[in-house]
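# Examination of the molecular architecture
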Amino acid sequence: MTTQPILDVSGLTMDFGGIRALNTLDLDVNNGEIVALIGPNGAGKTTFFNCITGIYTPTAGDIWLTPPGGGKKISLNGLKPNQVTEKGLARTFQNIRLFSKMTVLENVMIGRHCRTKAFIFGAIFRNKATLQEEQGILETSYAILEKVGLANYADEFAENLPYGAQRRLEIARALATEPLLLLLDEPAAGMNPQETIGLEHLIKQISREGQAILLIEHDMKLVMSLSDRIFVMDYGKKIAQGTPLEIRENPAVIKAYLGEEVDA
Amino acid sequence: MGLLKELKKGVLISLWFVFLTFPVMVIKVDPIARTVVWRWANALYMAVGTFFIYFLVQFFLRKKENRKETNDSKEQTLSFIHRILQDRLQRNILIGVVAVVAVFFPQFLSAYQTNVMTTALMYVVLGLGLNIVVGLAGLLDLGFVAFYAVGAYTYALLNLHFGLGFWAVLPIGGLIAATFGILLGFPVLRLRGDYLAIVTLGFGEIIRLILENWGQFSKGPSGISNISRPGFFGIEFSLQSSIIYTYYLMVLLVLVTIFVVNRLQDSRLGRAWIALREDEIACQAMGIDKRKTKLVAFSLGAFWAGIMGVMFAAKTTFVNPASFTFLESAIILSIVVLGGMGSIVGVLFGALILILMPEYLRALSQYRMLAFGAILVCMMVFRPQGLISNIRRTYTFKKKTTSSLCR
Ligand SMILES: Nc1ncnc2c1ncn2[C@@H]1O[C@H](COP(=O)(O)OP(=O)(O)O)[C@@H](O)[C@H]1O
Ligand SMILES: [Mg+2]
């Protein structure tokens, strides 16, 4: 009872018409951990993210979120994406989905939305509480930009950022929602080796601050060096789980990967 | 590209235009003498004119492209208006000039001109309202006129049956229209883009058809007349002074609307609207309640339309369903698009140009609407982003101020 996992998913199943994209999947993430979810293309990793964040409604399965430090267990089943984010799951997208006509700073400020309150009245009358809140949004957002190394770009339109910086901005935006668990969907995809090293440092730094992370990634070097535990899936099924060392030696994993092209 | 190829294209386009305008420009039927006059000279003018305009357009497009290439590395090219608005002194001078013109307008110009200006100002407010829905939240609404109608009929009916005055109904009309905004919002929450446009279009027509056919309720196509003009603490005005009073009232309403809309778009809510416009899924994933945000956009937009509806009924003292056709929605939408989506200054210009231009094009008599259409086409060709494009908003907050620049 003392160490409940932050995220506890059991029996998650997702059917698209006749295709079973997720098949009774179990997965858990403990507080402070970096957990990787790997598998060949089309294995169902992104679908898993979409199911637990409320973008898809899974066919079956339970998703539980437990705030660390003895918080009460919350069921995420049937919640809308914004409610899931409010409860503490925040994600990035495999295909970058920034608000391209907003500035970098504004993108992060959007992340603060679910932690702030001002509404029509506050917007029009700008009472003291609203002004303070707005100030807080700006300060927090700017601090997060500094953390991910994008402060110089604060006033640039998001669409004008280089590719690697856009991926970082996605992380910054997700961090702004103060997640219990950060979900990263292939954050290194399309990055050059240098950018990937920078990303590795960033993820390590965020993790050191106590942030739990669930990571989907194809870059095996990155996965092996970052993760505490790894889940491997293929055709919607979990085929292995364990420490990086165990996974490296697991015959089922080797077979799944040898059947496919490994993009290292 | 080869000059010859360009020439050939120019000739073909001119011929096409001659063909298109043939029935209007060349054939003239004299119904009394029962003869057809063939004005071949017109076809020639048309051909030559189109040919030249085509090359003029090509020339400017080239120039624009070249400029883009050379300026690409620099800051985004600011428009003239932006430059003025960013300089504090120039901005204050501009505001001063506009204020003086606005205050003395009715003194120096005729009642007719004042009336036209009042109408233009009404469209400014309508445009600003629709701008919340289309420009900020990115929800293409083709039935905006429905809320305008709701406001107008709210006043007309309350005035007719209960004798309620303008000032009492002004907020009521706004709130009822806002309620209708929510009613429309619910069924279209899941729709976007084209689908949303079609449903809202249908909604606008439904409201108009109800007003037209439910005679007991709305007096049908003949409409409701003798609606009270706006009063001032019980004082009744003569027609002349009422026109002037209405004008100043409109100026005041425009100022209030600009103030409120500016604050709205520059807030947590305004950012949520823009995020919703940019990417709905990412927006939700960042914790924004899509339903709530959309409904608020619909209802706030409708609110301003409702208020203007009340104003319209009070100004013309007569309403009938014919005032609320799809064309009205199209004009208001054009104001937003032409001015620049999401830009308050843009909507201001858009409304003034779109409403005043047809008035001042009367000199061209029967070619008025043709010229109007041509100007619209040209503007959209040369500035697809609208007159005033969206400006990047920068925040200076370390000095403990949350100021932000105009959009
Ligand atoms: N919205 C959808 N409709 C139908 N099939 C889908 C949908 N989303 C994903 N799939 C299918 O689910 C499978 C898993 O896809 P995905 O989760 O994107 O894989 P991964 O992220 O592991 O590469 C694929 O076969 C894909 O075609
Ligand atoms: Mg994927």
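Residues numbered from 1 in each chain as written. Chains lettered and ligands numbered in written order. Predicted model: local features only at pLDDT ≥ 70, side-chain atom pairs only at ≥ 80, totals over all residues. Heavy atoms only, no water.

### What about the domain arrangement of chain A?
How big an interface is tends to be stated in terms of accessible area lost as the parts join. Residue and element names in this part refer to chain A. Here chain A is described as being made up of domain 1 (1-88 + 179-264) and domain 2 (96-178). Computed from C-alpha coordinates alone, the two centres of domain 1 and domain 2 are separated by 26 Å. Taken together, the contacts link 21 residues of domain 1 with 13 residues of domain 2. Around 1400 Å² of area is buried between domain 1 and domain 2 when both sides are counted, 64% of it from carbon and sulfur atoms. A per-residue breakdown of the area domain 1 buries against domain 2 is headed by Glu-86, Pro-179 and Leu-202, which together make up 32% of the total. Seen at the junction of domain 1 and domain 2, the total is one salt bridge. In this structure, Glu-209 and Lys-147 form a salt bridge, with 2.8 Å as the shortest nitrogen-oxygen distance. Counting across the domain 1 and domain 2 interface gives five residue pairs in polar contact (both at pLDDT 80 or more). Every element with two or more residues in the side of domain 1 that touches domain 2 is listed here: helix H2 (81-87), strand E7 (181-185) and helix H7 (193-208). (Domains from an automatic or database assignment. Contact = heavy atoms within 4.5 Å. Buried area = accessible area lost by both parts, 1.4 Å probe. Salt bridge = Lys/Arg side-chain N within 4 Å of Asp/Glu carboxyl O. Polar contact = N/O pair within 3.5 Å; in protein donor to acceptor, adjacent residues only side chain to side chain. Helix = DSSP H or I, 4+ residues; strand = E, 2+ residues; numbered from the N terminus.)

### A word on the sheet that holds strand E6 (residues 89-91) of chain A
Residues and elements named next belong to chain A. Across the sheet, which stays open at both edges, the six strands sit in the order E6-E7-E8-E3-E9-E10 with mixed pairing between neighbours. Two strands in the sheet have a free side with no partner beyond their single neighbour: E6 and strand E10 (237-242). Across this sheet, the average inter-strand angle for adjacent strands is 20 degrees, counted without regard to direction. Here H7 sits on the sheet and contacts strand E3 (34-38), E7 and strand E8 (212-216); the angle it forms with E8, its principal contact strand, is near 150 degrees. (Pairing = 2+ DSSP bridges. Axes fitted to C-alpha atoms, helices over the stretch in contact; angles between N-to-C directions.)

### Considering the pattern of salt bridges
Scanning all chains against the criterion turns up 16 salt bridges over all chains. Where Arg-229 of chain A meets Glu-33 of chain A, a salt bridge forms, and the shortest distance between an N and an O atom there is 2.7 Å. Here Arg-229 of chain A is found in strand E9 (residues 229-234), whereas its partner Glu-33 of chain A is found in the loop between strand E2 (19-29) and E3, with 196 residues between them in sequence. With its nearest N and O atoms 3.6 Å apart, the salt bridge here joins Glu-212 of chain B to Arg-208 of chain B.

### Focus: the coordination of the magnesium ion (ligand 2)
All names here are of chain A. Donor atoms from the polypeptide that bind the magnesium ion (ligand 2) are Thr-46 (OG1) and Gln-94 (OE1), placed at 2.0 to 2.1 Å. Separated by 48 residues along the polypeptide, Thr-46 in helix H1 (residues 45-52) and Gln-94 in the loop between E6 and helix H3 (104-111) bring together distant segments of the chain. A relative accessible area of 25% places Thr-46 in the partly exposed class. According to the relative accessible area criterion, Gln-94 is partly exposed, its value standing at 27%. (Donors = N, O, S within 2.8 Å, 3.2 Å for Na, K, Ca; no water. Buried < 20%, exposed > 50% of the residue type's maximum accessible area, 1.4 Å probe, protein only.)

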